[in-house]
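Below are the chains, spelled out letter by letter.
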Amino acid sequence: MVTVIHPNLDDTEAKMSARDVSVYYGDKMAIDHVSIDIPTKYVTAFIGPSGCGKSTFLRTLNRMNDTIPSARVEGEIVLDGEDIYRSRMDVVQLRARVGMVFQKPNPFPKSIYENIAYGPRIHGLAEGKQELDGIVETSLQRAGLWNEVKDRLDDSGTALSGGQQQRLCIARAIAVDPEVILMDEPCSALDPIATAKIEELIDELNGRYAIVIVTHSMQQAARVSQRTAFFHLGKMVEYGRTSDIFTNPLEERTKDYITGRYG
Amino acid sequence: MASLPSYHGWYVALWIVVPMVFFIALWSVLGPHLVSQHVLASPAAADLPAFGFKRESIMAEARAAAIGAAPGVFNEEARALIEPYREAIGRYQFIGIAVTLVLGFLGGVWAFLRIKPDFTARTRVERTIMVILLLASLVAILTTLGIFASLVFETIRFFGMVNPIDFLFGTHWGPDPMSSPDNPDSSRYGAIPLFWGTIYIGAIIAMVVAIPLGLMSAIYLTQYADPRVRAWVKPALEILAGVPTVVYGYFAALTVAPAIRDVALAAGMSNPSSESALAAGLVMGVMIIPFVSSMADDSIAAVPQAMRDGSLAMGATTSETIRRVLVPAALPGIVAGVMLAISRAIGETMIVVMAASTAANLSGNPLEAMTTVTVQIVAMLTGEGSFDHPATLSAFALGFVLFLVTLGLNFIALRVVKRFREAYE
């Protein structure tokens, strides 16, 4: 079966494009021929029931699946016209351009400052302490965390609350100035207030970075995204403007899912 | 019924077995005393020498002959005692067996009479099992206390003869077991060269070998190794920990020490020692590798996968991730492993007995012969001095210092590990 792409998509500028991407874990097929264009200026949401492959697909976009020995990727994924799975691709550079925020906040057991400075240091983005201080401040400000932590940058990142930790992780990803930010259910471990703050933050980051978010919450997808892709059993069923997907789904399964009939 | 029938059965069984076991334990301590008292009361014992070594040996001989462990006796005096011994042993054995059976029977009857449908046998069995487990764990604790007490007692005796200041801070070690035990020469009991030798071999040379190799093998095994490689290498490394230390001792004395000597000769040194601190330290370091690597392996593996993913997703390479995230996060566990390894190394005896020398030597040259605390403990205890000679007693003082140091290291290591565990829960 072929993915239903809504006809009125006007995405002229695609940051990343996947063409016929399949992912296998050993012999098991987890993603079945998915093709999608990720727009530059929007937030794209991947929705679908648990185990549908949306997180797996997200992890192919910065090659995090490479860390799983049994995983194998087929097809083509292009970032700004470059195939990221070609053999000469520098995975380290790729991940600097395509940052990632995980389901559970995972700050390093280091100070807040060191957490943010981690990426710039390993990529040599700052010359001297002053420039690094600047990057840390800007990143924390963009992540909406600066005012809460500016007086205690030397405290451990793990001492922050869950929501603050997640914004710290977003700030950490921003610090290396990526072009795309992947978010894998970034709010699933957070309470509603912290969730609201993250969603607000995603809104603010929208436009500066191409953002792809995997979420279990359809309300969240509806609130933060402009494009939505519905995944089911390893296939991408339907892709279009978020407003179209939620008000006028073309596929029966999409309709069943968003009306809560299963999943 | 408050409990299943089997619990009532267990309850009765416990009441039969536990009193019997307690009585047997008590009797095995009391019995021999009662036997020898009985023998001494017999008329044949009147001719025995009043006290001392001879009397003890005659009685021991008679006893051995009575139970058939020795074919005959050397001392004629012992011959007369065989019969009283045989009789006394027979009598007290009979009493012991009879009382044991009676106790078991009484316990069983008492428990059996209490069995009723609403009797809470289940909770009582549970409580009894808890008490038995508690007693089992007390054995280890009491043994430790006993060891400590005996060490303290003998150490105090030693310090009554030799000034503790001279012992702890003196730099000349050369006790003479043949000298008069009265008025010992305190200046010959300076233990600093022994402490130095111990630290130099166990905490410096051995650790220079064990820390880098142990850490690197742990990193390889947790981060790089293919699961199939890991399945082979990890048990192989653990076998290294199971090799008896005396075998390492051979290896150090017969292979490594001569090799080091040859190298030193080739390098133009005149007359290098065949027993060097380096040989003992190197082999000890190899022996310690599994301790360091298994603790480091555990603590690196305990760092959540999310940390590793987080670092990789920032575009760090695997080695950057290890250096900047995993090792710092696992550091407390690694440090604790190193401290346990040090306490193991400085308490190690066989390798140094075989490969280091007995010459106390305060030197920084690893090619020179050196001795350690444990070597001297062995030398002093198996030496020719009488037991209450200060040279022999010095072994207890050395053991006491070693005990305190390793106890301290283990204590710190356990505290560090505990704090580390809390950090991730």
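When its secondary structure is counted, chain B shows 14 helices and zero strands. Across chain B, helices and strands are ordered from the amino to the carboxyl terminus as α-α-α-α-α-α-α-α-α-α-α-α-α-α. In terms of principal-axis extent, the alpha carbons of chain B reach across some 85 × 75 × 40 Å. Every one of the 425 residues in chain B was classed for burial, and the buried ones make up 36%. In chain B, 72% of the contacts between residues at least 6 apart in sequence involve partners at least 24 apart.

So, about the sheet that holds strand 4 (residues 43–47) of chain A. Residues and elements named next belong to chain A. The sheet built from seven strands is open, its strands ordered 1-11-10-4-9-8-7 with mixed pairing. The sheet is open, and its two edges are formed by strand 1 (4–5) and strand 7 (98–101), each paired on a single side. Pairing analysis gives four bridges linking strand 4 to strand 10 (residues 227–232), with the strands arranged parallel. From the neighbouring strand, alanine 45 faces strand 10, where its bridge partner is threonine 228.

Between two packed helices, both the angle of their axes relative to each other and the distance between the axes serve to describe the pair. Residue and element names in this part refer to chain A. Remark: helix 3 (residues 112–123) packs on helix 4 (residues 128–142), axes separated minimally by 9 Å, with the N-to-C direction vectors making an angle of 110°. Compared by their axis directions, helix 3 and helix 4 come out roughly perpendicular. Considering the relative orientation of helix 3 and helix 4, their crossing is right-handed. For the pair helix 3 and helix 4, the contacting residues are Tyr113, Ile116, Ala117 and Pro120 in the first and Leu132, Ile135, Val136, Ser139 and Leu140 in the second.

A few words on the interface of chain B and chain A. Each partner contributes residues to the interface: chain B has 14 residues there, and chain A has 20 residues. Listing elements by their share of the side of chain B that touches chain A, those giving two or more residues are helix 10 (305–313) and helix 11 (318–347) of chain B. If you tally residues by element for the side of chain B that touches chain A, the top one is helix 10 of chain B, at six residues. Tallied by class, the residues present in the side of chain B that touches chain A amount to nine nonpolar, three polar and two charged.

This paragraph deals with the domain arrangement of chain B. For chain B, the domain assignment lists domain 1 (5–129) and domain 2 (186–423). Put simply, the middle of domain 1 of chain B and the middle of domain 2 of chain B, counted by C-alpha atoms, are 47 Å apart.

Here the focus is the nonpolar core. Residue and element names in this part refer to chain B. Of all hydrophobic cores here, the largest spans 163 residues; its most connected members are Ala252, Ala280, Val283, Val292, Ile351 and Ala355. Sort the elements by how many residues they give to this core and helix 9 (residues 277–301) lands first, with 16 residues. Val35, Ile58, Ala78 and Ile82 belong to the second largest nonpolar core, which has 11 residues in total.

Residue and element names in this part refer to chain B. Under the 1.5 Å per step criterion, the end-to-end length of helix 1 (residues 5–41) is 52 Å for 37 residues, consistent within 8% with the ideal 54 Å. Where helix 1 bends most, the angle comes to about 35°, and this point is serine 28, followed within four residues by the proline proline 32. Burial in helix 1 covers these residues: Tyr7, His8, Trp10, Tyr11, Val12, Trp15, Ile16, Val35 and Val39. Each element contacted by the buried residues of helix 1 is listed here: helix 3 (76–114) and helix 4 (121–161).

With that settled, the discussion passes to the pairing of strand 9 (residues 210–214) of chain A. Moving residue by residue along a regular strand, the side chains alternate between the two faces of the sheet. Residues and elements named next belong to chain A. Within strand 9, five of the five residues are buried, leaving the element largely enclosed by the surrounding structure. Neither face of strand 9 is exposed, since Ala210, Val212 and Val214 on one face and Ile211 and Ile213 on the opposite face are all buried. Where strand 4 meets strand 9, four bridges bridge the pair, whose relative direction is parallel. Directly across from threonine 44, in strand 9, lies its bridge partner valine 212. Relative to strand 9, strand 8 (residues 180–184) runs parallel, the two being bridged by five bridges. By the bridge assignment for strand 9, aspartate 184 is matched with valine 214.

Residues and elements named next belong to chain A. Ordered by their spatial adjacency, four strands build an open sheet running 3-2-5-6, and the pairing between neighbours is antiparallel. Of all strands in the sheet, those bounded by a partner on one side alone are strand 3 (28–39) and strand 6 (82–83). As paired strands, strand 5 (residues 71–79) and strand 6 are joined by two bridges and run antiparallel to one another. In the strand pairing of strand 6, leucine 79 is matched with glutamate 82.

All names here are of chain A. The backbone of aspartate 20 sits at a positive phi, close to 50°, despite the residue not being glycine. With respect to the helices and strands, aspartate 20 occurs in strand 2 (residues 14–25). Of note in this structure, arginine 63 is not a glycine but carries a positive phi near 60°. Inspection of the secondary structure puts arginine 63 in the loop between helix 1 (54–60) and strand 5.

Right, let's talk about the environment of A:Gly48 for a bit. All names here are of chain A. Mapping glycine 48 onto the fold places it in the loop between strand 4 and helix 1. A count of 26 C-beta atoms within 10 Å places glycine 48 in the buried class. Distance in space between the C-alpha atoms of glycine 48 and phenylalanine 231 is 4.9 Å, their sequence separation being 183 residues. The residues touching glycine 48, leaving out its near neighbours within four places in the chain, are Lys54, Phe230, Phe231 and His232.

Quick look at helix 4 of chain A now. Residues and elements named next belong to chain A. The terminal C-alpha atoms of helix 4 lie 22 Å apart, and with 15 residues this matches the ideal 21 Å at 1.5 Å per residue to within 8%. Of the positions making up helix 4, those classed as buried are Ile135, Val136, Ser139 and Leu140. All buried residues of helix 4 project into a common sector of 125° when viewed along the axis, lining one side. Pointing more than 90 degrees away from the buried face of helix 4 are the exposed residues Gln130 and Glu131.

Okay, the confidence of the model for chain B next. Counting all residues, the mean pLDDT for chain B is 86, and 97% of those residues have values of 70 or more. The ipTM for the predicted assembly is 0.89, set against a pTM of 0.74.

Here we come to the pairing of strand 3 of chain A. Residues and elements named next belong to chain A. Two elements, strand 2 and strand 3, share eight bridges in a ladder whose sense is antiparallel. Considered in strand 3, the bridge of tyrosine 24 is made with methionine 29. What sits between strand 2 and strand 3 in their antiparallel hairpin is a turn of two residues, with glycine 26 showing a positive phi close to 65°.

Procedures and definitions
Residues numbered from 1 in each chain as written. Chains lettered and ligands numbered in written order. Predicted model: local features only at pLDDT ≥ 70, side-chain atom pairs only at ≥ 80, totals over all residues. Helix = DSSP H or I, 4+ residues; strand = E, 2+ residues; numbered from the N terminus. Buried ≥ 20, exposed ≤ 12 C-beta atoms within 10 Å, placed from the backbone. Contact = placed C-beta atoms within 7 Å. Pairing = 2+ DSSP bridges. Axes fitted to C-alpha atoms, helices over the stretch in contact; angles between N-to-C directions. Parallel < 35°, antiparallel > 145°, perpendicular 65-115°, else oblique. Left-handed = near helix turned anticlockwise from the far one by under 90°. Nonpolar A, V, L, I, M, F, W, Y, C, P; charged D, E, K, R; others polar. Domains from an automatic or database assignment. Core = buried A, V, L, I, M, F, W, Y, C linked by C-beta atoms within 7 Å. Expected span 1.5 Å × (residues − 1). Bend = angle between axes of the 7 residues up to and from the residue. Arc of directions from axis to C-beta. pLDDT = per-residue confidence, 0-100.

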